[in-house]
Every structure is written in structure tokens, then in C-alpha cells.
Amino acid sequence: MRLQKYIVALITGLLVLSSCNEPYNFKLTTSKKLVLNEEATATLTEKNNKQIDSIHFFVNGKRVVSEGNSITFSTTNLGVGKYTVSALVFYPEKSKKKNNSVEILSNVAPASYKYKLINTYPHDKNAYTQGLEFHNGFLYETTGQRGKSVLRKVELQTGKVLEETKLDEKYFGEGMTILNDKIHWLTWQAKKGFTYDLETFKQEGEFSYTWSQEGWGLTNNGTDLIKSDGTHKIYFLDGKTGQEKKSIQVYHNNPKINKGKVDKLNELELIDGKIYANRWDTTKPIKSGIFVINPGNGIVEAVIDLDGLRKIVLKTQNLSDDDVLNGIAYDKATGKIYVTGKKWGKLFEIEIVKQ
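Residues numbered from 1 in each chain as written. Predicted model: local features only at pLDDT ≥ 70, side-chain atom pairs only at ≥ 80, totals over all residues. Heavy atoms only, no water.

### Details of the pattern of salt bridges
Alright, step 1. Under the counting rule described, the total for this entry stands at 10 salt bridges.
Alright, step 2. The residue Lys33 makes a salt bridge to Glu103 at a minimum N-O spacing of 3.9 Å. Highlighted residues: Lys33 in strand S2 (residues 33-35) and Glu103 in strand S8 (residues 95-105), separated in sequence by 70 residues.
Alright, step 3. For Lys33, a relative accessible area of 59% corresponds to the exposed category. (Salt bridge = Lys/Arg side-chain N within 4 Å of Asp/Glu carboxyl O. Helix = DSSP H or I, 4+ residues; strand = E, 2+ residues; numbered from the N terminus. Buried < 20%, exposed > 50% of the residue type's maximum accessible area, 1.4 Å probe, protein only.)

The structure is reproduced here in C-alpha cells:
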């Protein structure tokens, strides 16, 4: 009998102890997919009925004031993309944090544009074009591949290389842009870029990037460097230091190319306040095209179909799958747009026209 009482007492004690040691466990539920400007919600539920002293909610790392165990927040200022929603729960004995996410989709159907061919110019068919820019009457171009990466000043009409400097063979050159009489040139996987004097082509410095995965395309808005890294994100870097400041996520609402994020963003150019971006791919319905992106919220506002240009090049030379459209240059003085591709023997002046 005593043994039975002892066993009962032991089991009861273990149950009490188990209850006391029951894990702090809560569920954080969020709105999953919304379109920009809709309101999102996040709700916390304590699964084991533990006493909660307070809850701190965070959206994209910023504290959101809550009432009780839930929050409602606007998506307008976030822009499109996937964002982390966090709850930091304070219990009497400890605190615990959990993350969830909300995805904000584009609420804009992008316009569809084609092109009108204005002029055709020669282009070095051996140039693995990574960056292209028009400045004071000349084209500036960077090319890629290890041992073959160069920075060039090129005469538009003839394609003649007027000046050139080579990148160290250990680096794979990528996109470039000109800001404040300095040429800023990215490398692919070294997580650094280099700065050159516009007139002498002499290297003056370097800058590192740590938020972004790699270096792909580069442009500027007169103050910041604007950079792609082969994902669906575009980064804004301080124009003087090269330090990353913020990023946007690029999403489209075009049924032909699957609604959602646009990855593999490559060469960039800023035209009339919008980011024009090539995409490194030849397998989608629009094999050679440009995405026109709102730099404030990441929405693709238009898609320009340039498939016909690649077909023109293919009439006179063979191209591999890697030899994609990659090069956008804009002459602010005249409004002219020039495009080319990796190892394309032609450079085109085009006019954008609505379908």
C-alpha cells in the first residue's frame, strides 16, 4: 500500500514538474500573400497557456506598436517582396523570439513595349559585355571572364577602342557606371569593386559589398550607386564610399512570365528615373528583354521585348546560350538608347514603342 502511494506521489510530482518545465511555445500567424497597399496582420497565440508579460512585434526589423497579441500594418511603405515579421515574447522567467514572413505582390500590370530600330553600329564580337554607359559622346564598356576583363572607352560610330585597361586576371569583371568623374567597376564573386579616374583610367581605390551576394550590374542616380547581384534584389550604395545603404525587391504581375519575383537581374541603366534591367536568361517567353522597374517600390512597370535584336545578330554569327542581351546605355542629352549583348557583333540604337 505504501508502495502504491509512493508511486502515485512520484507520478504526480513528475506531472507537476513536467508541467512546470513545459516548453514556452507560441505560434506566430501572419498574412501570407497580399498585393501592395493592402493591410497585413500578425497574431500571436500562446500554445501552452504560459503567462506573457509583454510582446514586441517587428516588421522588416522595425518595431511596430501593438495592442494585445496582434498587429495590423500597411504594406505601402514596404514595397513589394518578402519581409520578416518577428515577435519577441517576454515571459516572467525568460524571453523568446519567433519569425514568420509576409509576401507583398505587385498591384500593377506591366505595360508591354517593343522597339523601333534606329541605327546599327559595329561592336566587338569578342567582348563579353557586362557594363555599358554613354558619357560625353563616347561609350564606356566593361567586359567579363577571368583574364579577359577590360574597361574600355569606345567610339560609337566605328566601335574603335580609344582607351583600355585590364583587370587583374584573378578577377571576373562585371558592370560599371560613371559618377562624379569616377568609373566604378564591379567584380563578380570577389565582393569588391574598383574605382578609376575617368580621364586617365588609373585605379584610385576599391570598395566592398557585404549585403549583396555578388556583383552583376551597376548604374547610378547622381548620388547613389545602384547595383544588382544576380538575384531579385537591387541595392543602393553610397556614391562616395560604396557602402550598401538599402535594397528593394523586384516583382512583376505579368502572367506570361509567372507572377512574383524577377531574379537574375543583370546590367542596369537609369532612364528618366526608372531602372532599366537586363535579365540573364534565354529560356523565358521574353528571351531578350528589359524590365522597367520603379526604384521606390520594386514594381516592374513595363517589359520591353527585344527578341528581334538577338535574331538580327544570329543572322551573321553564332551565339551560345550565355551570349544574352546585356548592355544598356542612355544619352541624357539626346534621349537615345543603345543596347548590345555578350559577344554580339552589333550595337543597336533603339526607340521604345508601345505594343
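Moving on from the model shown.
### Looking at the sheet that holds strand S16 (residues 192-197)
Alright, step 1. If you trace the 4 strands from one edge of the open sheet to the other, you get S14-S15-S16-S17, paired in antiparallel fashion. Where the open sheet ends on each side, the last strands, each with one partner, are strand S14 (173-179) and strand S17 (203-208). Neighbour-to-neighbour, the strand axes of the sheet open up by a mean angle of 25°, direction not taken into account.
Alright, step 2. Across 5 bridges, S16 lies against S17 in antiparallel orientation. Following the sheet pairing, Phe194 is matched in S17 by Glu206. (Pairing = 2+ DSSP bridges. Axes fitted to C-alpha atoms, helices over the stretch in contact; angles between N-to-C directions.)

### Digging into unusual backbone geometry
Alright, step 1. The backbone of Gln145 shows a phi angle near 80°, a positive value even though the residue is not glycine.
Alright, step 2. Within the fold, Gln145 resides in the loop between strand S11 (138-143) and strand S12 (150-154).
Alright, step 3. We classify Gln145 as partly exposed; its relative accessible area is 21%.
Alright, step 4. For Lys264, which is not a glycine, the phi torsion comes out positive at approximately 60°.
Alright, step 5. Note that Lys264 resides in the loop between strand S23 (260-261) and strand S24 (265-271).
Alright, step 6. Taking relative accessible area as the criterion, Lys264 reaches 28% and is therefore assigned partly exposed.

As far as function goes, none of this settles anything; it's purely spatial.
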